Structures are given as C-alpha cells and as structure tokens.
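# Structure assessment
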Amino acid sequence: QIRFDSTSSVHTRILFLTEGILVRLLESDLDLSDFEVILVDEVHERHLSVDLLLGILREVVKRRPELRLVLMSATLQKELFVDFF
C-alpha cells in the first residue's frame, strides 16, 4: 500500500506498507489490532519517520505482547535495538 493507492481487502493476508503509511494507520488504531506481525526492513537507515515509528512500536508491543515485531537490516547493530526494546 502506498499513499492514495490501496489494494487490500478482507482477504488480504500480507500488506506491504511504507513506514509513513503505518504511522498514519496508528493515528486511527494505536494498537494496530488488525496486525499479528509487523516487519520493519532497513532499520539501520536512520531518519525521522523510522525513528518515530520504532518509538511508537515499542509502546504498542508493551500493550500487545502477542504482537510480533521483526526488525531487519543487513547491517543491524543488534545490541542497540535489544536495549531499545
């Protein structure tokens, strides 16, 4: 899903979003209750929207311990993210 273009339906099992779209979804559903797993790729690319998203997702995971958050990066500094989450 990208801005102004969504092809999801009730049958959608996997939804690919930009971090900006995911932040927008959080505006209407702070717990992301429609999701069981969230995968964030390229987390080493530090910019405002990713940092904001990771901060919000940390709080969501605290409220929803069953939610699985997967962080991916070819150059991930594991200790940095383990300490953060």
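Up top is the structure.
In this report, we go over the structure that sits alongside the text. Source: prediction; values computed, not measured.

### Structural notes on helix H2 (residues 48–63)
- Taking 1.5 Å as the rise per residue, H2 with 16 residues should run 22 Å; its terminal C-alpha atoms sit 23 Å apart, in good agreement.
- Residues of H2 that are buried: Val50, Leu53, Leu54, Leu57 and Val60. When H2 is viewed along its axis, its buried side chains cluster within an angular range of 125° and face the same direction. Relative to its buried face, H2 has exposed residues pointing more than 90 degrees away, namely Leu48 and Lys62.
- Where the residues of H2 are buried, they touch helix H1 (19–28), strand E1 (37–40), strand E2 (68–71) and helix H3 (78–84).

### Re the packing of aromatic side chains
- Per the stated rule, a full pass over the model turns up 1 aromatic pair.
- An angle of 85° between the planes, with centres 5.0 Å apart, marks the rings of phenylalanine 84 and phenylalanine 85 as edge-to-face.
- For phenylalanine 85, a relative accessible area of 37% gives the class partly exposed.
- The lysine or arginine in question, arginine 58, covers the ring of phenylalanine 84, its NZ or CZ lying 3.9 Å from the ring centre.

Parameters at a glance
- Residues numbered from 1 in each chain as written.
- Predicted model: local features only at pLDDT ≥ 70, side-chain atom pairs only at ≥ 80, totals over all residues.
- Heavy atoms only, no water.
- Helix = DSSP H or I, 4+ residues; strand = E, 2+ residues; numbered from the N terminus.
- Expected span 1.5 Å × (residues − 1).
- Buried < 20%, exposed > 50% of the residue type's maximum accessible area, 1.4 Å probe, protein only.
- Arc of directions from axis to C-beta.
- Contact = heavy atoms within 4.5 Å.
- Phe/Tyr/Trp six-rings, centres within 6.5 Å; stacked < 30°, edge-to-face > 60°.
- Lys NZ or Arg CZ within 6 Å of the ring centre and 35° of its normal.

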